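Commentary on secondary and tertiary structure
Listed here are the chains, written in short residue letters.
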Amino acid sequence: MITRRLGWAAVLVLVLLAGGCGGTPEDPTAQVDSPDAATATDAPAGADTDAATGAATDDGTETTGAATETPAGDGTAASGEPIRIGVSLPLTGDFSEPGQGIREGYEVWAADVNDAGGLLGRQVELLFRDDGSDPNTAVSDYEQLITSEEVDLVFGPFSSRLVIPTSEVAEQYGMLFVEPAGAAPEVFERGLEYLFYAAPAIASDHYDYLAEWILALPEGERPATAAYASLDDPFAQGTAYGLRDQLQEAGIETVADEVYPPEQTDFSAIAARVADANADIVVGGTQFEDSVGLVRAFQELGYQPRLAAFSTGPTLPEFSEAVGGAADGILSPVGWSDRAEHPSNQEFVASHTEMFGRPPSEDAANGYTVGQIVAQAVEGVGCAEQGDCQTQLRDYIRANEFETVVGPLSFDEAGRPLAAHMIQQWIDGTVEIVLPEGSEVQTADIVNPKPEW
Amino acid sequence: MPSGSLLLQGVALGVLTGGVYALLASGLTLYFGVMRVVQIAHPAFLFLAAYLTYALNTAFGLDPLLSMVVTVPLFFVLGMAIQRYLIARLRREDLGMMSVLLTFAMAILIEGLLGLVFSGSYRSVTVDYATRSLDIGVRLPNDRLIGFAVALVTLAILFAVLRFSRYGQALRATMQHRDAARLVGIDTDRTTAIGFGIGLATAAVGGAVLALITTFFPAAHYAWIARLMAIIVVGGLGSVSGAAVAALLLGVVESVVLVSLDATWAGLVFYLFLFATLIFRPQGFFGGRLAERF
């Protein structure tokens, strides 16, 4: 079945080459400057090319990246067919915010690669599909991208909830699946061989540096009790429970452990339960809305913990404003910092700022990291196509270390990254990296106990 | 089992939240009571109003409550226009079904527009008085208190208008028997359009309250559709006072379950009440015969 499709693809490629290529690079979409407008694709190269891209647009695929700023005749123009990379992302619906962030990261990566002459001398082209945050749509997106679009590579979607089902599809077709946002422990417990998570650490290790620091505190300063509140989501729970398990083992008593569903909009009663336990440290396995809701409710209830840590929410720039200045002292794990001096990080920040008019988010950095890993693997192995090449890419990634914007990354057998998240803290209205202490990424000393909110 | 003080705190928060629920659901009872229209887009309009409140707050520093001066008349006119140019064109026979489709389309349209203009980012309006609270043994958060007060005033006005004004009489007559109402000289089309306008105006008020108490993003309305629908069914479709009682009841039960059990069970409360209502008292626990419902 697949081989027959490949046969047809070969025929199609020949026809396209014969009919479409008059020395002009494929499909100069050149929409990267205004990604929101990137719906229409004009392919002036020739009739056949036109038909091909037209078809792609019809079923909802947006193409960007290929031949950006590489006009015909440019000395750096890559030769041959572009490397086509299929991506399904939640561009609308519940995860649209991080989904768009990751898309930006992918687009900046594609533009950077193409500006530098492409991969293996070929341009890269991204095919985006919008799964509306729905796992079923995401699954069929990847099925189609792999089988009918016959993309050369795929990049992963956002969030563990979409990564878990879609990575099964990639595995089934033997496609390398480097993903930017599936950090939940469950993601790596299914024996998948083609999956790699392109960030420093999986969810349950996010708070490792914080746990280490807390447990090293002298007896009097160390919190005796802890309260946890977590969104019912594999990633969010993974972060909170990673810390809980370490603290519990060290004898810090759990006095509240709350879980709430994703559709929860009112956090006052949950907060009342947590506040009633009056723990020394409060830990939220949160995303944005719930972290803001909980902090505001704690303020209203007059609960003043000595330490407060929340995942994800406080890492977004709008957090401080949303909680009305109560952000000071709040700790969060963070996988990437725009100030980190890793090679390529400052170039990434500059490219992103130039392209989108604002600095990148952590999601964009994770998207960019996916690109960097795959690019290094493709250059290392010397191929980018479906079939045996994907296995070589997988083996290459397992065996090597990668220079990325989040620092050097390598992976274990299950695709888990083997680095660690930094811990950030809001101090006087800005985000500082406070842990690990004494490292080159640290920008300020941790404030303990936190100021009252 | 939670301590007494926690339980009391839960009840207090439940009452305040229930008041806000009553406000948010009040428009729905109007649409359904008056026009048999199921308005799926009501929560979307709530968040549209919240975004407008946010925009007015960031652009002019306008207080969320003051922004109602702009949004309420705007939504009233918008509601009349929607009724006149869209809803009125649906066939009477399948109005229930078609209005679901029409208003769902509106909801998606609003969500898309909000995403386009404001992006998918979370927004919130922060005023310094909102995160403080009144401590009277239990803590009453200021933003909830304000929300509750606004709800109380709005519902009182709504009730008074429907019950005692000449327009209210015309509206009730239109509900009871459209043709007979027309025979005694009531302009039923105009009455209906104003009814829809009032319904949407409550969304403007509700949006301002939501902006004050919560963060929002374009797709936030989905979480509210089923919850508000459950409230008006339990309250007796079309009964403003019934919906208010049901909202308070559900708010308190939800909150008490939350502090004594957990959040997942609390979320089920709405549906358990919905099922119980449909099984034991399909006309709603607080609704009487349609004609008496205001």
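Residues numbered from 1 in each chain as written. Chains lettered and ligands numbered in written order. Predicted model: local features only at pLDDT ≥ 70, side-chain atom pairs only at ≥ 80, totals over all residues. Heavy atoms only, no water.

**Looking at the overall build of chain B**
- Helices and strands together make up the secondary structure of chain B, namely 11 helices and two strands.
- A compact globule built from 294 residues should have a C-alpha radius of gyration of about 19 Å, and chain B, at 19 Å, falls within 12% of that.
- Oriented by its inertia axes, the alpha-carbon framework of chain B measures out at about 60 × 50 × 35 Å.
- Of all intrachain contacts in chain B linking residues separated by at least 6 positions in sequence, the fraction that spans at least 24 positions is 77%.
- Split by element, the accessible area of chain B, about 12200 Å² in all, is 69% carbon and sulfur.
- Counting 19 positive and 13 negative side-chain charges, chain B places the centres of these two groups 8 Å from one another. (Helix = DSSP H or I, 4+ residues; strand = E, 2+ residues; numbered from the N terminus. Rg over C-alpha atoms; globule rule 2.2 N^0.38 Å. Contact = heavy atoms within 4.5 Å. Areas by Shrake-Rupley, 256 points an atom, 1.4 Å probe, with all protein chains shown as cover. Lys, Arg positive; Asp, Glu negative; His and termini not counted. Charge placed at Lys NZ, Arg CZ, Asp CG, Glu CD.)

**What to know about the overall build of chain A**
- Scanning chain A from terminus to terminus reveals 13 helices and 15 strands.
- For chain A, the residues scored as buried account for 60% of the 453 residues in total.
- Within chain A, counting contacts between residues at least 6 apart in sequence, those at least 24 apart form 69% of the total. (Buried < 20%, exposed > 50% of the residue type's maximum accessible area, 1.4 Å probe, protein only.)

**Looking at the pairing of strand 3 (residues 124–130) of chain A**
Residue and element names in this part refer to chain A.
- Taken across its seven residues, strand 3 has six buried, putting it largely inside the fold.
- Both strand 2 (residues 83–89) and strand 3 contribute to a ladder of seven bridges, which runs parallel. Of the residues in strand 3, the one forming a bridge with L89 is D130.
- Crossover handedness for the path strand 2 to helix 3 (residues 96–115) to strand 3: right-handed. (Pairing = 2+ DSSP bridges. Right-handed = clockwise from strand over helix to strand, strands pointing away.)

**Observations regarding the environment of Y368(A)**
- The topology assignment puts Y368(A) in helix 12 (residues 362–381).
- Considering only alpha carbons, one finds Y368(A) and D115(A), 253 residues apart in sequence, at a separation of 15 Å.

**Things to note about the domain arrangement of chain A**
Residues and elements named next belong to chain A.
- Its domain assignment divides chain A into domain 1 (2–201 + 341–399) and domain 2 (205–334 + 421–435).
- Across the domain 1/domain 2 interface, buried area totals approximately 930 Å², and carbon plus sulfur atoms make up 58% of it.
- When the area that domain 1 buries against domain 2 is broken down by residue, the three leading residues are R161, A201 and E362, summing to 46%.
- For the pair domain 1 and domain 2, the interface holds one salt bridge.
- Close ionic contact of D233 with R161 constitutes a salt bridge, the shortest N to O distance being 3.4 Å.
- Between domain 1 and domain 2 we count two residue pairs in polar contact (both at pLDDT 80 or more) in total.
- Considered class by class, the residues forming the side of domain 1 that touches domain 2 number six nonpolar, one polar and four charged. (Domains from an automatic or database assignment. Buried area = accessible area lost by both parts, 1.4 Å probe. Salt bridge = Lys/Arg side-chain N within 4 Å of Asp/Glu carboxyl O. Polar contact = N/O pair within 3.5 Å; in protein donor to acceptor, adjacent residues only side chain to side chain. Nonpolar A, V, L, I, M, F, W, Y, C, P; charged D, E, K, R; others polar.)

**Some thoughts on the pattern of salt bridges**
Residues and elements named next belong to chain A.
- Per the counting criterion, the structure on display carries 22 salt bridges over all chains.
- Across the pair R122 and D152 runs a salt bridge whose closest N-O atoms are separated by 3.8 Å. You can see R122 sitting in the loop between helix 3 and strand 3 and its partner D152 sitting in the loop between helix 4 (135–147) and strand 4 (153–155), a full 30 residues away along the chain. Like D152, R122 is buried.
- A salt bridge links D412 to R416; its shortest N-O distance comes to 3.0 Å.
- For R416, a relative accessible area of 26% puts it in the partly exposed group.
- Through salt bridges with shared partners, one network takes in R84, R129 and E149.

**A few points about the pairing of strand 9 (residues 281–285) of chain A**
Residues and elements named next belong to chain A.
- In terms of burial, strand 9 is largely enclosed, as five of its five residues are buried.
- Here strand 9 shows two buried faces, one formed by I281, V283 and G285 and the other by V282 and G284.
- Direction of pairing for strand 7 (residues 225–231) relative to strand 9: parallel, over a ladder of five bridges. Each residue of the ladder has a partner; that of Y228, found in strand 9, is V283.
- Where the polypeptide runs from strand 9 across helix 9 (residues 288–301) and back to strand 10 (residues 307–310), its parallel neighbour, the crossover connection is right-handed.

**A look at the nonpolar core**
- L294(A), F298(A), F319(A), W453(A), F45(B) and I231(B) are the most contacted members of the largest nonpolar core, which totals 120 residues.
- Residues contacting F298(A), with those up to four places away along its chain left out, are A271(A), V274(A), A275(A), V282(A), Y303(A), F310(A) and W453(A). (Core = buried A, V, L, I, M, F, W, Y, C linked by side-chain atoms within 4.5 Å.)

**Quick look at the interface of chain B and chain A**
- Counting residues at the interface gives 37 residues for chain B and 30 residues for chain A.
- Regarding the contact of chain B and chain A, the summed buried area is about 2800 Å², with carbon and sulfur atoms giving 50% of it.
- Among the residues of chain B in contact with chain A, Y122(B), T131(B) and L258(B) are the three that bury the most area, contributing 21% of the side total.
- Between the two partners, chain B and chain A, sit two salt bridges.
- Its salt-bridge partner being D143(B), residue R296(A) comes within 3.9 Å of it at the nearest N-O pair.
- Along the contact surface separating chain B from chain A lie 10 residue pairs in polar contact (both at pLDDT 80 or more).
- Sorting the residues of the side of chain B that touches chain A by element identifies helix 1 (4–35), strand 2 (138–141), helix 5 (142–164), helix 8 (188–213), helix 9 (222–235), helix 10 (240–260) and helix 11 (263–280) of chain B as the ones contributing at least two each.

**Regarding the packing of aromatic side chains**
All names here are of chain A.
- Scanning all chains against the criterion turns up 24 aromatic pairs over all chains.
- Here the aromatic rings of F298 and W453 are separated by 5.9 Å at their centres, their planes lie at 15 degrees, and the arrangement is stacked. Residue F298 is found in helix 9, and its partner W453 is found in the segment after strand 15 (430–435); the two are separated by 155 residues along the sequence.
- For F298, a relative accessible area of 0% puts it in the buried group. (Phe/Tyr/Trp six-rings, centres within 6.5 Å; stacked < 30°, edge-to-face > 60°.)

**Topic: the packing of helix 2 (residues 42–60) of chain B against helix 8 of chain B**
Residue and element names in this part refer to chain B.
- One can describe the packing of helix 2 onto helix 8 by two numbers: an axis separation of 7 Å at closest approach and a directional angle of 55 degrees. Comparing the axis directions of helix 2 and helix 8 gives the class oblique. When the axes of helix 2 and helix 8 are compared, the crossing they make is right-handed. Note on element contacts: helix 8 touches helix 2 through G199, L200, T202, A203, A204, G206, G207, A208, L210 and A211, opposite H42, F45, L46, F47, A49, A50 and T53.
- Among the residues making up the contact of helix 2 with helix 8, the classes are represented as 11 nonpolar, six polar and no charged. (Axes fitted to C-alpha atoms, helices over the stretch in contact; angles between N-to-C directions. Parallel < 35°, antiparallel > 145°, perpendicular 65-115°, else oblique. Left-handed = near helix turned anticlockwise from the far one by under 90°.)

**Quick notes on unusual backbone geometry**
Residue and element names in this part refer to chain A.
- Note that the residue after L435, namely P436, is joined by a cis bond; omega there is 0 degrees.
- Looking at the element boundaries, P436 is found in the segment after strand 15.
- Residue P449 is reached from N448 by a cis peptide bond, and omega for that bond is -5 degrees.
- Even without being glycine, L120 reaches a positive phi, approximately 55 degrees.
- One can find L120 in the loop between helix 3 and strand 3.

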